[in-house]
Amino acid sequence: MKFFDLLRLIFGNLNRRKGRVALTAIGVVIGTAAVVILVSLAIGLQMNANEQLYGIGDLTQIQVSPTYGEGPVVVGPGGGGGGGGGAPPQQKLLTNLALEEIRAIPGVEWVVPREFLMAGGMVKYQRLEGWANIIGVDVDDLALLGLEATQGSTALGRGVVVMGPMIANNFYDPRQRPGQEPPPPPDLYDQQIQMIVSKWDAQGNETRKNISLRVSGVLKEARGESDWTIYMPLDQVKALNEWAMNRRINYNKDGYSMAVVKVANVDQVLDVADQITQLGYQAYTPQSFVQGINNFYVILQVIFGGVGAIALLVAAIGIANTMAMSILERTREIGLMKAVGATNRDVLAIFLGEASGIGFLGGLGGVLIGWLAGQAINVIAIVYLAGQANQQGGPPPSVAVYTPLWLPVFALVFSTLIGMISGLYPALRAATMIPVMALKYE
Amino acid sequence: MTKSLVRVAGLKKYYQMGGTVVRALDGIDLEIKPGTFTVVMGPSGSGKSTLLYLLGGLDRGTSGEIWVDGQSLNDMDENSLALFRRRSMGFVFQSFNLIPSMTALQNVAFPMQFAGVTSARREMQARNLLAQVGLEDRAEHRPTELSGGQQQRVAIARALVNDPDLILADEPTGNLDTASGAAIMQLLSDLHLAGKTVLVVSHDPRMTRFATDKIFLLDGRVVSEEEYQSASLGTMDL
Ligand SMILES: Nc1ncnc2c1ncn2[C@@H]1O[C@H](COP(=O)(O)OP(=O)(O)O)[C@@H](O)[C@H]1O
Ligand SMILES: [Mg+2]
């Protein structure tokens, strides 16, 4: 039998029992719509959560610090491992060689070392004083780190700094009298600020150094570390640290105190972090936290999908029932089909096709209704959630319910499959009927 | 002597009904030559339908052999039997067995789908056959819009679509009034005259008018005409 003839026969047969097919398909419609809406809702919730989470930092970046171990492991007498108890972790410093080692990991886009200024962090602007995290990074432009400027540029250079947007809020007037209004946060862009660094000698005498710097850029709020940080070129911070410690720093020997690793793809972040840990360094990524949250939403999707699947299971019983009835009513027709030369396989294909057809039609309706309902929920929920966000702060959500393309496709295939499975037993019975018995059936 | 189209030897069909065995066919031997018009006569319950269905490969006997065109039906599996029916057999039933949702044309064309005939050829051939049975103007009618005699003619047209070796008709006039019954008999006779081999099961003696061969059945056995006549005096008129 030709496939197209088979299809036409199947849909002709369904068409001649419209009412019953429609009633049976309603169960599938409800089940499929439930699957589509609930899973879309879970996905929407997850996307919302992720949108909020992106504030905690660029998810494609890994922060790597050295492992300061107890020195090289001493091999005990008798050779071998020595064993017993946790061996102290092997020291692994972030030397330039180490950075090369990390750069070689597949998926790593770049590795940038950074240093804290260890000689204080007081900054002055006119009569105001403030504190900041002062970090030296080995890049010419902070844009490479994914940072953006609201004022000026993100480029680093001699004598200039780029600062986070929250620094200005940190400034206070040291001569402020009780009861007096605090000064408003100063607009520091393109202003000269003073950085005070200090060191103490063995006798406890403090030496101060005043460095004048111009603010060449203010960063966009990222809701992370960068908001509270003043960025400078790495060699400048290195020079200040050398001055404070009275000794030269050799990054090939001492290593950096931290490096930022950028991974090309979010999916590879955990994998790369794992490999860095395996090399013996400390790796931290917000992705491991996000992963936990994602797992929660995957579980939610499965549970929601399961609820819909139960509705589909009930629908499946309906299909099986309708098919069993239909086969009973059409017993003589089955006998006739066999008399005129239909093979068992032809009969099986026809009835399996009819059952799948009910599943498919129901699935089509369910996908359509589920998708439309999702859009309606979106319109209502976004208005509501935006109101909530206004009260509680934070960005308003862009979606409440999200239907990715794979979901309707999957739901349609699944409902068709459900139909086919429900029709399996009735169709097998039809296919294996003895022709004479079917023809004589009253 | 011509080779026989159908040969039956020692054919038995027993049904187990609770504790008793019903011997629907109890040792049948017969031959059907090509181009003949055979009428199988017998009272109700004598095993006529059972014999016809076994010849057509719609069921299997309990024992014995059937050869059609030299091929033993016992040797065929279910799939081969389906293909055998598709290629070699044409069935006509007492209750027509048309599919109610299909037009006359679609009913006639229906079997050709299983043979994989293209839809254009199906339609052409079905129209020709409907014309042959005098129903070209009823092609788009559904069975409920046709008289019993017309429905049976559609069924005969359907039995002809595969150009079968043997047409098997089980009481084709049983559900019809006398006039349309006679017309159906005439139609079957015309097919015979056109060269077809026809086997008709009937308990209507008028059918024998067209017969070239007659087979008499009593209680699942083939009997002579004399034996049949004397026995049927008691059973025929109920
Ligand atoms: N499926 C069956 N189960 C039990 N007995 C059957 C079955 N089919 C036919 N019979 C019996 O076999 C005998 C012959 O039946 P059948 O061939 O239909 O007779 P006819 O067509 O000559 O009236 C009858 O006694 C009938 O009751
Ligand atoms: Mg009968």
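Residues numbered from 1 in each chain as written. Chains lettered and ligands numbered in written order. Predicted model: local features only at pLDDT ≥ 70, side-chain atom pairs only at ≥ 80, totals over all residues. Heavy atoms only, no water.

Caption draft 1: How the structure looks around the sheet that holds strand β9 (residues 213-218) of chain B. Residue and element names in this part refer to chain B. Ordered in space as β6-β7-β8-β3-β9-β10, the six strands form an open sheet in which the pairing is mixed. A single partner strand is all that each edge strand has here, and the edge strands are β6 (89-92) and β10 (221-223). If you compare each strand with its neighbour and ignore which way they point, the axes differ by 25° on average. (Pairing = 2+ DSSP bridges. Helix = DSSP H or I, 4+ residues; strand = E, 2+ residues; numbered from the N terminus. Axes fitted to C-alpha atoms, helices over the stretch in contact; angles between N-to-C directions.)

Caption draft 2: Up close: the packing of helix α6 (residues 286-329) of chain A against helix α9 (residues 406-431) of chain A. All names here are of chain A. Between α6 and α9, the shortest axis-to-axis distance is 9 Å and the interhelical angle comes to 35°. Of the two elements, α6 crosses α9, and the hand of that crossing is right-handed. Residues L312, A316, I319, A320, M323, A324, I327 and L328 of α6 pack against F414, I418, G419, S422, G423, P426, A427, R429 and A430 of α9. Of the residues contributing to the contact of α6 with α9, the split by class is 13 nonpolar, three polar and one charged. (Left-handed = near helix turned anticlockwise from the far one by under 90°. Contact = heavy atoms within 4.5 Å. Nonpolar A, V, L, I, M, F, W, Y, C, P; charged D, E, K, R; others polar.)

Caption draft 3: Region of interest: the domain arrangement of chain A. Here the domain parsing of chain A yields domain 1 (3-55 + 292-439) and domain 2 (61-284). Taking the mean C-alpha position of each, domain 1 of chain A and domain 2 of chain A sit 55 Å from one another. (Domains from an automatic or database assignment.)

Caption draft 4: Spatial organisation of the site of ligand 1. Inspection of the region around ligand 1 gives 14 residues, with K440 of chain A together with G45, K48, S49 and T50 of chain B positioned closest. More than one chain approaches ligand 1, the contributing ones being chains A and B. S46 of chain B has a polar backbone atom sitting 3.3 Å from an oxygen atom of ligand 1. Between ligand 1 and the protein, one listed contact pairs an oxygen atom with a backbone N or O atom of K48 of chain B at 2.9 Å. Counting residues per element, the ones that place at least two in the shell around ligand 1 are α10 (435-440) of chain A together with β1 (6-17), β2 (20-32) and α1 (48-55) of chain B. For the shell around ligand 1, the leading source of residues is α1 of chain B, giving three residues. Split by residue class, the shell around ligand 1 holds six nonpolar, six polar and two charged. (Near = heavy atom within 4 Å. Polar contact = N/O pair within 3.5 Å; in protein donor to acceptor, adjacent residues only side chain to side chain.)

Caption draft 5: Quick peek at a nonpolar patch on the surface. Residues and elements named next belong to chain A. Residues F3, L7, F11, F360, L361 and L364 make up a contiguous nonpolar surface patch of roughly 520 Å² in combined accessible area. The set of elements that each furnish at least two residues to the nonpolar patch consists of α1 (3-15) and α8 (344-392). If you trace the backbone, F3 turns up in helix α1. In this structure F3 comes out as exposed when scored by relative accessible area, which is 61%. (Patch = residues over 30% accessible without salt bridge, like charges linked within 9 Å, V, L, I, M, F, W, Y side chains within 5 Å. Areas by Shrake-Rupley, 256 points an atom, 1.4 Å probe, with all protein chains shown as cover. Salt bridge = Lys/Arg side-chain N within 4 Å of Asp/Glu carboxyl O. Buried < 20%, exposed > 50% of the residue type's maximum accessible area, 1.4 Å probe, protein only.)

Caption draft 6: Quick look at the environment of L45 of chain A. Note on placement: L45 of chain A falls in helix α2 (residues 18-53). Considering only alpha carbons, one finds L45 of chain A and L300 of chain A, 255 residues apart in sequence, at a separation of 9.6 Å.

Caption draft 7: Spatial organisation of α1 of chain B. Residue and element names in this part refer to chain B. Most of α1 is tucked away, with seven of its eight residues classed as buried. Of all the positions in α1, only K48, T50, L51, L52, Y53, L54 and L55 are classed as buried. Note on α1: the residue one or two positions beyond its end, G57, has a positive phi of about 75°.

Caption draft 8: Representation of empty space enclosed by the protein in the model. On inspection of all chains with the given rule, the structure shows one cavity of 30 Å³ or more. Of the voids in this model, the largest cavity is the one considered here, and its volume is about 90 Å³. For the largest cavity, the lining is made up of 13 residues, of which V340 of chain A together with M89, F91, R158 and A159 of chain B are closest to its centre. Counting only elements with at least two residues in the lining of the largest cavity, the list comes to α7 (331-339) of chain A together with α2 (78-88), β6 and α5 (148-159) of chain B. (1 Å grid on protein atoms, 1.4 Å probe; cavity = no way out; pocket = protein on both sides within 12 Å on 5 of 7 lines; lining within 4 Å. Points joined across faces, edges and corners; volume = space filled by probe spheres on them.)

Caption draft 9: Layout of the nonpolar core. Counting residues in each nonpolar core, the largest one holds 75 residues, and the members touching the most others are F351 of chain A together with L51 and L199 of chain B. The contacts of L199 of chain B, once residues within four sequence positions are left out, are I32, T38, V40, L52, L55, L166, I167, L168 and A169 of chain B. M41, A155, L160 and A211 of chain B belong to the second-largest nonpolar core, a separate cluster that totals 43 residues. (Core = buried A, V, L, I, M, F, W, Y, C linked by side-chain atoms within 4.5 Å.)

Caption draft 10: Spatial organisation of the pattern of salt bridges. Residues and elements named next belong to chain A. One pass over the structure, following the stated rule, counts 27 salt bridges over all chains. Between E354 and R330 there is a salt bridge whose closest N-O contact spans 2.9 Å. Of this pair, E354 sits in helix α8 while R330 sits in the loop between α6 and α7, and the two are 24 residues apart along the sequence. The pair E354 / R330 is uniform in exposure class, with both members buried. Shared partners join several salt bridges into a network, and the residues in it are R16, R17, R330, E333 and E354.

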